[in-house]
Amino acid sequence: MALAKPIAVGITDSSASNAALLWAAARANRHKLPLAVVNVVDDRWMAAEVLPYLEVLRESGLGLLKEAGEKATAAEPGLQVTLQLLEGGVGAALGDYSKNASMLVLGTSGHNRGALTDRALQAAAAAECPVAVIGDAQEHGRGIVVGVDGSQESTQAVAFAAAEADSLGEELTVLYAFTGPNRWISAGLPQSSFATHVMEEEQIVLSETEAGLRQDYPDLRVQTVMETVLEPADALLRAAAGARLLVLGSRGKGGFERLLLGSTAHAVLTQPPCPTVITRMHRQQHQD
């Protein structure tokens, strides 16, 4: 039997990183998974003459890992914890490590609203598993919010969010932000049957999503919301304020294939209103 993939948490010496550590430890304990605590020594810019300083960074990283491991086991007694020191570019190293993880958890910068270190954004773009971004001092909220737009990525985000809401006994809010017709009309174009048809088509996406959820999770409390004024990122930020979890796909249906992280996901991650999970696209493996 294959071993269960651990939940991995990338740590630094920030308060938001500590919040991410405790969130990851609690989730690992709840799902009966091991926890991998990871620190990355960014050695890309170091020349041979500063190698002694690199050893200092390694020792500092090992000390940080040891302290984090003790915090995790103190918070969740009995939790299986491993410590891993990586080297290289932080985003790339964490992205590569994510191949062996069921989830990658990171903290925000924790200083200014809207500030997120490149570490989390790069890792969220490169990771091959869901990425959770945890802010500093985020209160324990209620309810789970998921953003949808009819894309395959958002379908998988809904599946993840529904499973979370069902297991936690939380209400699930399915949010579809669509501003097309309103923007056309406010720009001076007359309201037409075409605009009405577009709105009806988008409502079908939301209705089909809700119908599928009620079939798979008959006891799940679901509310659907169509936002036609705010931009998607702004709508998600407002809806998820005070939520327990926000879930969205890495890219939407309007995203370019070359962009690993879509504009909405990027905008949300720069100011996450609550613990936020970016799900990844699981592509089918085709055999010859």
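The numbers attached to residues start from 1 for each chain and follow its sequence in the written order. Restriction of local features to residues with pLDDT of at least 70 applies here, the model being predicted, together with a cutoff of 80 or more for giving and counting side-chain atom pairs; totals for whole chains, interfaces and linings are based on all residues. Hydrogens and water are ignored here; the side-chain numbers use all heavy atoms of the structure.

> When you look at the environment of A235 in this model, what are you seeing that I'm missing?
Starting at the N terminus, helices and strands are each numbered in turn, a helix being any DSSP run of H or I of at least four residues and a strand any DSSP run of E of at least two. Residue position: A235 is located in helix α8 (residues 232–239). Once residues lying within four places of it in the same chain are set aside, the contact partners of A235 are L175, A177, E227 and L230. Contacts: residue pairs with any heavy atoms within 4.5 Å of one another.

> Sorry if this is basic, but what is going on with helix α1 (residues 15–30) here?
What sets the pattern is the α-helix's 3.6 residues per turn: residues three or four places apart point alike. For α1, spanning 16 residues, the distance from its first C-alpha to its last is 23 Å, which sits close to the expected 22 Å at 1.5 Å a residue. Accessible area is worked out with a 1.4 Å probe on protein chains only. A residue is then buried under 20% of its type maximum, exposed over 50%, and partly exposed in between. When we look at burial in α1, the residues that qualify are A16, S17, A19, A20, L21, W23, A24, A25, R27 and A28. Immediately beyond the C-terminal end of α1, within one or two residues, lies K32, with a positive phi of roughly 55°. How far a helix is expected to stretch is found by multiplying one less than its residue total by 1.5 Å.

> Could you clarify how one ought to interpret the confidence of the model for the protein chain in this entry?
Any residue range with low pLDDT should be treated as having predicted coordinates unsuitable for detailed reading. Each residue carries a pLDDT score, the predictor's confidence in it, ranging from 0 to 100. Residues of the protein chain with pLDDT of at least 70 account for 76%, and the chain-wide mean is 81. Per-element mean pLDDT across the protein chain ranges from 56 in helix α6 (residues 180–186) up to 96 in strand β1 (residues 7–10). Confidence drops under a pLDDT of 50 for residues 283–288, and excluding neighbours within four residues, the segment shows three contacts in the predicted structure.

> Could you clarify how one ought to interpret the pattern of salt bridges in this entry?
Note on pairing: side chains with opposite charge can pair once their charged atoms come close. Here, a salt bridge means any Lys or Arg side-chain nitrogen found within 4 Å of an Asp or Glu carboxyl oxygen. Using the criterion set out here, one finds ten salt bridges in the structure. Ionic pairing is found between E164 and R27, a salt bridge with its closest N-O pair at 2.8 Å. Residue E164 is found in helix α5 (residues 152–168), and its partner R27 is found in helix α1; the two are separated by 137 residues along the sequence. The burial state of E164 is the same as that of R27; both residues are buried. The residue D96 makes a salt bridge to K99 at a minimum N-O spacing of 3.0 Å. In the salt-bridge network here, residues are joined through shared partners; they are E55, R58 and E87.

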